[in-house]
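Read off the chains here:
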Amino acid sequence: MSIILNKIKRALSLSKGSFSIFNIFQLSQYLSTTPSIKQVIIQFIAAFKWPLYSCWENIVHTLKFKIKKKDFKEEHFTFKSYLYLLYFCLIRNHSPHYFFKFKLHEDYTQINSFLCDDMLPTLHDLLNNKYGFKDYKKVRKLLGDKYQFSKFSQERNIPTVEPGALIDCCDGALAMEGILCGKTLFCKPNQASQSQDAFLVKYDDQRDYPYAIHPIDGSSITAASEVKIFLSKVIRNNKMLLLQTFIQNHPEVQKLTKSNEAITARVITIKEGENLNPYVLYAQLEVPLKDKQEVEGQIHQYYDLYPLELNRLGSVVDKHMFSPYVKNKGRGFKELDISNELKTLLNDGLNACLQAHQVIDLYSVGFDLVFNSDGPLILEGNYNWSLDMVLEN
């Protein structure tokens, strides 16, 4: 009996994120000294009572609230929807709020994608442990701090974007003054992912009000009062903001788009083998569309994504780039020619990522590259890079 219980304890300790196990784990510790099988069964059933009831109550309250707000039509929420909701909440231990927020009741196929993203930190932790990168938590912290990562890379002569200046958001007035400093700058949270709260501050002293805000996602803001409202909200949402010089696309790269937004490349590198030499697993070019698009009342910047064909040495070999993502949007395949100069730029960028990964003690890193007139520069490194783009290709 003791052997079985020890196995249960070990299984439970390894199943983080599957469902709420705190009470069950405590129970297994208690039962290891209790020989009665009857007590084992009674206590094990009792341990499930709270999470089961709590989950059911949470689901019912959320459904009532959503129906009352008319967020979805009650007749569209079928019994199958309810089963998926139970799976999402009870087995996967997620709030029903997210089930509706990400419209998973409309497309069940997105559940696995959502759960995959949710479990990414655990997956990357397991991989780093498996391959012996024991200091991964310390390195993960470095990658999460964009300012420190830029300084770290620059000190090692790795082509990287200038660290820029840090703005402390504790004092809202000083932070506002630091952002509106009479220069055109790119501003983003120092510790955040995606494009949330990232924007360009454009300065032009020929205008009545010299500042204009161009968020990555959202409409441009030019009125003085609206600029200050927007910045106040960003400052409240963040602890530290990073101000960097705006990157102008390399002329050869700029030929790929009519947009003024920066073209970026996503590069995934991995360390494997006896010597743990990094190699490029995957790379794609992200070309912004000329005009932002409105979806469900919100303005977003969208991109055409071009997976790069790499040879065994990790160099770009294709003469044309095809975007399967464009086909999925119903616009047909889109093709871009790769000039020799562009191919050189891309390969130099891949080499910069490999150079950076040599001094980063992690199993894998997701790099963001930009290209200015001097060549490729590493914008940032990501520990928790998404599997979606690799799996879809």
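First things first, this report covers the structure right here in the doc. Because the structure is predicted, anything quoted here is derived from the model rather than measured.

For the structure shown, the criterion picks out 1 cavity of 30 Å³ or more. In this structure, the largest cavity occupies an estimated 30 Å³ of space. The wall of the largest cavity is formed by Ala-265, Val-267, Ala-283, Leu-308, Leu-346, Leu-350, Leu-369 and Phe-371. At the level of elements, β6 (264–272), α14 (340–358) and β13 (364–372) are the ones that each hand at least two residues to the lining of the largest cavity. Counted by class, the lining of the largest cavity contains 8 nonpolar, no polar and no charged residues.

Attention now goes to the pairing of β13. The buried fraction of β13 amounts to 9 of the 9 residues, a majority that puts the element mostly inside the structure. Side chains Ser-364, Gly-366, Asp-368, Val-370 and Asn-372 project from β13 onto one buried face, and the interleaved Val-365, Phe-367, Leu-369 and Phe-371 project onto a second face that is buried too. Two strands pair when backbone bridges link them, and β6 and β13 are joined in this way by 7 bridges, in the antiparallel orientation. Counted as the bridge partner of Ile-270 is Ser-364 from β13. The sheet contact formed by β13 and strand β14 (residues 375–382) spans 7 bridges and is antiparallel. If you follow Asn-372 over to β14, its bridge partner there is Gly-375.

Bringing the pattern of salt bridges into the picture now. Summed over all chains, the structure comprises 7 salt bridges. With a shortest N-O distance of 3.9 Å, Asp-204 and Arg-207 are connected by a salt bridge. Here Asp-204 falls in the partly exposed class, since its relative accessible area comes to 29%. Arg-207 gets classed as partly exposed once you look at its relative accessible area, which sits at 33%.

Spatially, the 5 strands line up as an open sheet ordered β10-β7-β6-β13-β14, and their pairing is antiparallel. Taken across any chain shown, the strands that pair with only one partner, and hence form the sheet edges, are β10 (303–307) and β14. The mean inter-strand angle of the sheet, taken between neighbouring strand axes irrespective of direction, is 30°. Taken strand by strand, helix α9 (residues 146–155) contacts β13 and β14, and its axis lies near 130° from that of β14. Packed onto the sheet, α14 meets β6, β7 (277–288), β13 and β14 and runs at close to 140° relative to β13.

Cut-off values and rules
Residues numbered from 1 in each chain as written. Predicted model: local features only at pLDDT ≥ 70, side-chain atom pairs only at ≥ 80, totals over all residues. Heavy atoms only, no water. 1 Å grid on protein atoms, 1.4 Å probe; cavity = no way out; pocket = protein on both sides within 12 Å on 5 of 7 lines; lining within 4 Å. Points joined across faces, edges and corners; volume = space filled by probe spheres on them. Helix = DSSP H or I, 4+ residues; strand = E, 2+ residues; numbered from the N terminus. Nonpolar A, V, L, I, M, F, W, Y, C, P; charged D, E, K, R; others polar. Buried < 20%, exposed > 50% of the residue type's maximum accessible area, 1.4 Å probe, protein only. Pairing = 2+ DSSP bridges. Salt bridge = Lys/Arg side-chain N within 4 Å of Asp/Glu carboxyl O. Axes fitted to C-alpha atoms, helices over the stretch in contact; angles between N-to-C directions. Contact = heavy atoms within 4.5 Å.

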